[in-house]
Amino acid sequence: MIGWKELRFIGGVLAAVFVGAIVVLVVIWIRNPPDTSLEFEMAKACLQLIVVGFIGGLLTAAVQHFQQGRNIRLDERRREDEFLRSMLGRTVSAYNAVKRIRRFLDAETRNESGVRSISRATYDQYLTELNAQQLEFESLKRIAPLADQRISRNRPTVAGPAEYIRDDSLTSMFSRVESFLNQVVGEYQHRRYLVPASGEISLNDFVALDSFFRKATFTAGTSDNINVIVRVMQTALLTP
């Protein structure tokens, strides 16, 4: 792309030629040569040069302005796409980690009686991991408004799935996921002391952890929101 210094140099040369042609045209006009003379032909050539130079200068300036604006927009789009890809990768990674924790916790707390129970070692291990993912979703919730700005500019082209209604946003969906996980982590923070150092305790009184295991509440709190978030960001990235 032509830089500002190059544009100034080219503009200076064109201006000099333009002024020179005007000077020659004025001199010849004052002399008032015959129509068949060489001077008259030079005057016509200078007039053509002035017209062509003026129009060419306007076109060149317009093309350069358009090209520079286009490059700025492309660079902005490139940065936004990099941000969305990073955010999408973090979202999928964190959600997969949450599912892994849920599956291992589900296996660790099952027993023959059908009543779930948990040891302190298991509770500490997996809730520490879950806390890390809850903090990751909290971070994603804080930066989601930037993604919403990008996506809102392209609506309804980037409408995403039907679930992504106009009154919803990535920010609100990340908030729901983070809030659901925060309830489980908060319960751990306030009720861990109930779990004995040795042996196990029934999970009947651990409401948030129980909802974490239940398919309906887990789906509503995390999976449904994550599925929409991923599809919306993928649609935004694939939209020209």
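A brief look at the structure comes next. (Residues numbered from 1 in each chain as written. Predicted model: local features only at pLDDT ≥ 70, side-chain atom pairs only at ≥ 80, totals over all residues. Heavy atoms only, no water.)

**Focus on the overall build of the protein chain**
Per the secondary structure count, the protein chain includes 6 helices and 2 strands. The order of helices and strands in the protein chain, counted from the N terminus, is α-α-β-α-α-β-α-α. Within the protein chain, the fraction of its 240 residues that count as buried is 34%. For the protein chain, the share of sequence-separated contacts (at least 6 apart) that also reach a separation of at least 24 residues comes to 76%. Of the accessible surface of the protein chain, which amounts to about 14,700 Å², a share of 60% is contributed by carbon and sulfur atoms. (Helix = DSSP H or I, 4+ residues; strand = E, 2+ residues; numbered from the N terminus. Buried < 20%, exposed > 50% of the residue type's maximum accessible area, 1.4 Å probe, protein only. Contact = heavy atoms within 4.5 Å. Areas by Shrake-Rupley, 256 points an atom, 1.4 Å probe, with all protein chains shown as cover.)

**Focus: the side chain of Thr239**
Secondary-structure assignment places Thr239 in the segment after helix 6 (215–238). Judged by relative accessible area, which is 13%, Thr239 ranks as buried. Among the polar contacts made by the side chain of Thr239, one reaches the main-chain carbonyl oxygen of Thr235 at a distance of 2.7 Å. (Polar contact = N/O pair within 3.5 Å; in protein donor to acceptor, adjacent residues only side chain to side chain.)

**As for the packing of aromatic side chains**
One pass over the full model with this rule turns up 7 aromatic pairs. Look at Phe104 and Tyr126: their rings are 6.3 Å apart centre to centre, the planes differ by 10°, and that puts the pair in the stacked class. On the criterion of sequence distance, the pair formed by Phe104 in helix 2 (residues 38–109) and Tyr126 in helix 3 (residues 120–153) is long-range, its members being 22 residues apart. With a relative accessible area of 42%, Phe104 lands in the partly exposed category. Exposure remark for Tyr126: the relative accessible area of 5% places this residue in the buried category. The rings of Phe180, Phe212, Phe213 and Phe218 are connected pair by pair, giving a single aromatic cluster. Across the ring face of Phe218, the terminal group of Arg102 is positioned such that the distance to the ring centre comes to 4.3 Å. Over the aromatic face of Phe206 sits the side chain of Arg191, whose NZ or CZ is 5.4 Å from the ring centroid. (Phe/Tyr/Trp six-rings, centres within 6.5 Å; stacked < 30°, edge-to-face > 60°. Lys NZ or Arg CZ within 6 Å of the ring centre and 35° of its normal.)

**Remarks on the nonpolar core**
Formed by 43 residues in total, the largest nonpolar core has its most connected members in Leu105, Leu130, Phe137, Leu170, Leu209 and Phe212. Elements that contribute at least two residues to this core include exactly helix 2, helix 3, helix 4 (170–191), helix 5 (207–213) and helix 6. The residues touching Leu209, leaving out its near neighbours within four places in the chain, are Leu105, Ile118, Tyr123, Val184, Glu187 and Leu203. (Core = buried A, V, L, I, M, F, W, Y, C linked by side-chain atoms within 4.5 Å.)

**Brief notes about the environment of Thr222**
Relative to the elements of secondary structure, Thr222 occurs in helix 6. Apart from residues lying up to four places away in sequence, Thr222 is in contact with Tyr95, Val177, Phe180 and Leu181. Within the local environment of Thr222, its side chain forms a polar contact with the backbone oxygen of Phe218, the two atoms lying 2.6 Å apart.

**Considering the packing of helix 4 against helix 6**
Think of two packed helices as two axes; the pair is described by the angle between the axes and how far apart they sit. With their axes 9 Å apart at the nearest point, helix 4 and helix 6 run at an angle of 150° to one another. It follows from the interaxial angle that helix 4 and helix 6 lie roughly antiparallel. Judged by the sense of rotation from one axis to the other, the crossing of helix 4 with helix 6 is left-handed. Here helix 4 contributes Leu170, Met173, Phe174, Arg176, Val177, Phe180 and Leu181 to the contact with helix 6, which in turn contributes Thr217, Phe218, Gly221, Thr222, Asn225, Ile226, Val228, Ile229, Val232 and Met233. Along the lines of polarity and charge, the residues of the contact of helix 4 with helix 6 split into 12 nonpolar, 4 polar and 1 charged. (Axes fitted to C-alpha atoms, helices over the stretch in contact; angles between N-to-C directions. Parallel < 35°, antiparallel > 145°, perpendicular 65-115°, else oblique. Left-handed = near helix turned anticlockwise from the far one by under 90°. Nonpolar A, V, L, I, M, F, W, Y, C, P; charged D, E, K, R; others polar.)

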